[in-house]
Amino acid sequence: MKTPDLDRVFAALRGARVAVLGDFCVDHYLFLDPGWKELSLETGLPVRGVIGQRLSPGGAGNVAANAAALGLRAVHCLGCLGDDLYGAALQNSLHRLGCDTSGLLVQPREFATHAYVKPYRGGEEGPRFDHGVANRVGAETTRRLVASLERLLPNLDTVLLNQQVATGVWSAALIESVNALIPGFPSVPWVVDSRHRIESFRGAVMKMHAGEAVRLSGRGGQRDAPATAAETRRDLDLLFARFAAPIVITRGNDGAIARDREGTYAVPGVRSPGEIDPVGAGDTFLAALGAGLGGGLGLATALEVANLAAAVTVRKLRQTGTASEAEIRALAADASNRDESARPRSAE
C-alpha cells in the first residue's frame, strides 16, 4: 500500500480552517449488566441495569470531532440543537475538543437534539432509541445558519456538509442557499456527504459509498447493494459526467476510488487483524478528505489520508471514534511493515 508523505500531510493540515455544517448528533452508549434481574414494582416489567455509559459526538458532531483530532487550525460547528440535556452535552464535548461551537444554534421549539441511544448487553447491541425524529427546522434557524456561514467563508479553507437525518437542518431552503454560495468561493473546497439528498447539491465534491453510487448511477438496486470494483469504476465515471463535480466513492474494506478533472485515483483497503466497527468511519473519512483538500494536498493525497484515517476508526469498537496524527502514523507504519514482510525475497 502506498503511504503518503505524512510529514508534509500534517504540516498542511495544521494550517487548515474548516467549517462543518450539518446534522449534529449524539451517540449515547448504554452498557447493561447481563446478569441483572429485577421487575418494576410499578409496572411489573423487566428492569435493565446500566453499569456504564458513554456519550460521543455523532453525525456532523463526529465530523467536527475528527477534524479537531487531526490538529486543524480551526474547526467551526454550524448546526441546530434542541434545548435539552443532549444538546448541552454535545456543545460541551465539542468545546472541550477545541471546536468553535458559537454556530450551534438552539431552537427551543419543534427541535430535539438528535440522539441515538444504543443499549449493549455484552457485545450485542439491542433495539435503539432515536431522539429528534419529529423535528422541524425553522426558517429563522436556516437564515441564521446561512448568515453564520457567510461570515466565516472569507477565512475558511474548506467546508464540510453533512446530511445525516431526514428531520435535520437540511431543508430545501438551506440546500439552495448553500448551492448559491458555492460558486462565489471557487478556491474553497466544499465536500458533501448526504445520506438522503446528495443529488440536490451542486458544485461540491460528492463523497458517497459504493451502494449509494449504485442507486445514483441508475443501475437499479438498493442503497447498500454490493458492487464489484469494475461496477464501481463505471459508476464513478457516470456520476462524474452527470454531476460535473469530483466524485469520491468509499468501498469499505476494499478502499476508495475518486475522480476529478485531473484523473482517477484509487487506494486499497487497509486490512484489520481483528474485529471492526464501521460506525463513524464515514465521518472520519469525510473530515480527513476535506481537511486534506483544504490544506492544498490535492485529491489523490487527500484520498490516501482519508483511507488511513478511516482504517484507524474502524478498529475502535462500540464508539464513534476519531483518528489522531499519532494513530494514523502508527497505522501507516504498520501497513508498510506488513507490505514489506509480504514481498517475496530472493534466495541468498
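Anyway, here's the lowdown on the structure attached to this text. Only a predicted model underlies this, so the values are computations on that prediction, with no experimental measurement involved.

**Some remarks on the pattern of salt bridges**
- Per the stated rule, a full pass over the model turns up 15 salt bridges.
- For Arg215, the salt bridge goes to Glu199, with nearest N and O atoms at 3.4 Å. One end of the pair, Arg215, is in helix H6 (residues 210-217); the other, Glu199, is in the loop between strand E10 (190-194) and strand E11 (205-209), and 16 residues separate them in sequence.
- Here Arg215 falls in the partly exposed class, since its relative accessible area comes to 33%.
- The salt bridge partner of Arg329 is Glu325, with a shortest N-O separation of 3.0 Å.

**So, the sheet that holds strand E13 (residues 256-260)**
- Pairing within the open sheet is mixed, and its 9 strands lie in the order E5-E4-E1-E9-E10-E11-E12-E13-E14. Only two strands of the sheet have a single partner each, and these edge strands are strand E5 (100-106) and strand E14 (263-267). Averaged over all pairs of adjacent strands, the angle between strand axes in this sheet comes to 15 degrees, irrespective of strand direction.
- The pairing of strand E4 (residues 74-81) with E5 spans 5 bridges and is classified as parallel. Within the sheet, the bridge partner assigned to His76 lies in E5 and is Asp100.
- In the packing of helix H7 (residues 229-243) onto the sheet, contacts are made with E11, strand E12 (247-250), E13 and E14, and the angle to E13 comes to roughly 30 degrees.
- On top of the sheet, helix H8 (residues 281-294) reaches strand E9 (158-163), E10, E11, E12 and E13; it is set at about 160 degrees to E9, its chief contact.

**Examining the nonpolar core**
- Core analysis: the biggest nonpolar cluster contains 61 residues, and Val20, Phe24, Leu72 and Leu289 have the highest contact counts within it.
- When residues in this core are grouped by element, the largest group, 10 residues, is from helix H9 (residues 299-313).
- Once residues lying within four places of it in the same chain are set aside, the contact partners of Phe24 are Gly58, Ala60, Gly61, Ala64, Cys77, Leu78, Gly79, Leu81, Leu90, Leu94, Leu104 and His114.
- Leu21, Leu161, Ile198 and Ala204 belong to the second-largest nonpolar core, a separate cluster that totals 38 residues.

**Here we look at H8**
- Taking 1.5 Å of rise per residue, 14 residues should cover 20 Å, and H8 covers 20 Å from first to last C-alpha, within 8% of that figure.
- Most of H8 is tucked away, with 13 of its 14 residues classed as buried.
- One or two residues past the end of H8 sits Gly296, with phi positive at roughly 80 degrees.

**Points about the environment of Arg329**
- One can find Arg329 in helix H10 (residues 325-342).
- The exposure class of Arg329 is partly exposed, given its relative accessible area of 30%.
- Placed 272 residues apart in sequence, Arg329 and Pro57 show a C-alpha to C-alpha distance of 24 Å.
- Beyond its immediate stretch of four places on either side in the chain, Arg329 contacts Leu6, Asp7 and Phe10.
- Of the polar contacts made by the side chain of Arg329, one reaches the backbone oxygen of Leu6; its length is 3.4 Å.

**Things to note about the side chain of Asp23**
- With respect to the helices, strands and loops of the structure, Asp23 is situated in the loop between strand E1 (17-22) and strand E2 (24-32).
- An unpaired buried charge is present at Asp23: no salt bridge exists, and Arg197, the closest side chain of opposite charge, is 6.3 Å distant.
- Residues in contact with Asp23, not counting those within four places in the same chain, are Gly58, Gly59, Ala60, Gly61, Asn162, Gln163, Gln164, Val165, Gly168, Val169 and Trp170.

**Some thoughts on the side chain of Ser40**
- With respect to the helices, strands and loops of the structure, Ser40 is situated in the loop between E2 and strand E3 (50-59).
- Here Ser40 is in contact with Leu45 and Val47, once residues within four sequence places are set aside.

Rules and cut-offs
- Residues numbered from 1 in each chain as written.
- Predicted model: local features only at pLDDT ≥ 70, side-chain atom pairs only at ≥ 80, totals over all residues.
- Heavy atoms only, no water.
- Salt bridge = Lys/Arg side-chain N within 4 Å of Asp/Glu carboxyl O.
- Helix = DSSP H or I, 4+ residues; strand = E, 2+ residues; numbered from the N terminus.
- Buried < 20%, exposed > 50% of the residue type's maximum accessible area, 1.4 Å probe, protein only.
- Pairing = 2+ DSSP bridges.
- Axes fitted to C-alpha atoms, helices over the stretch in contact; angles between N-to-C directions.
- Contact = heavy atoms within 4.5 Å.
- Core = buried A, V, L, I, M, F, W, Y, C linked by side-chain atoms within 4.5 Å.
- Expected span 1.5 Å × (residues − 1).
- Polar contact = N/O pair within 3.5 Å; in protein donor to acceptor, adjacent residues only side chain to side chain.
- Lys, Arg positive; Asp, Glu negative; His and termini not counted.

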